[in-house]
Amino acid sequence: MASDYLLKTEPSEYSFTDLQRDAETIWDGVSNPVALRNLREMQPGSRLIIYETGDRKSAVGTASVISVDASNPKNPAVKIKAGRVLAKPVSLAEIKANSLFADSPLVRQGRLSVVPLNKAQNKAITGA
């Protein structure tokens, strides 16, 4: 089970800046069955990377999971808290060019909004 995930968001709907302002939020609005499964598998302390879609198409910041309530499997309530802004946003093109992501759902299933990452993939994006 992964403990690192990438969450995609449309910045005009809810940006990383919005998350920083709110400090914490419930991550919702997910309908894809695979993405829902990934949400349900999260644990408190899971490390997250926030990726903004739209014009930006870049990983822009970090967050972490505070709590997971998977009692409603079609709408798990995953509470997350804002982390830090990435020193340099990492574009989708940079991610695709990195061989660490060759088999990643991030590259192979472009529409997936909640993507598990391994430790090396997380480090490649965050530098930490």
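For clarity, every value in this text was computed on a predicted model and none was experimentally measured. (Residues numbered from 1 in each chain as written. Predicted model: local features only at pLDDT ≥ 70, side-chain atom pairs only at ≥ 80, totals over all residues. Heavy atoms only, no water.)

(A) Quick peek at helix α2 (residues 33-41). Of all the positions in α2, only A35, L36, N38 and L39 are classed as buried. Looking straight down α2, one finds that the buried residues subtend no more than 160 degrees of arc, so they occupy a single side. Those residues of α2 that are buried are in contact with β1 (4-9), β2 (24-27), β4 (58-69), β5 (77-91) and β6 (114-117). In this structure N32 caps α2, since a side-chain oxygen of it lies 2.7 Å from the backbone nitrogen of V34. (Buried < 20%, exposed > 50% of the residue type's maximum accessible area, 1.4 Å probe, protein only. Helix = DSSP H or I, 4+ residues; strand = E, 2+ residues; numbered from the N terminus. Arc of directions from axis to C-beta. Contact = heavy atoms within 4.5 Å. Polar contact = N/O pair within 3.5 Å; in protein donor to acceptor, adjacent residues only side chain to side chain.)

(B) Up close: the sheet that holds β6. Taking strand neighbours across the sheet as the criterion, the six strands line up as β2-β5-β4-β3-β1-β6 in an open arrangement whose pairing is mixed. Two strands lie at the open edges of the sheet, namely β2 and β6, each paired on one side alone. Averaged over all neighbouring strand pairs, the angle between strand axes comes to 40 degrees, with direction disregarded. Where β1 lies against strand β3 (residues 47-52), six bridges are found, and the strand directions are parallel. Counterpart to L6 in the pairing with β3 is I49. (Pairing = 2+ DSSP bridges. Axes fitted to C-alpha atoms, helices over the stretch in contact; angles between N-to-C directions.)

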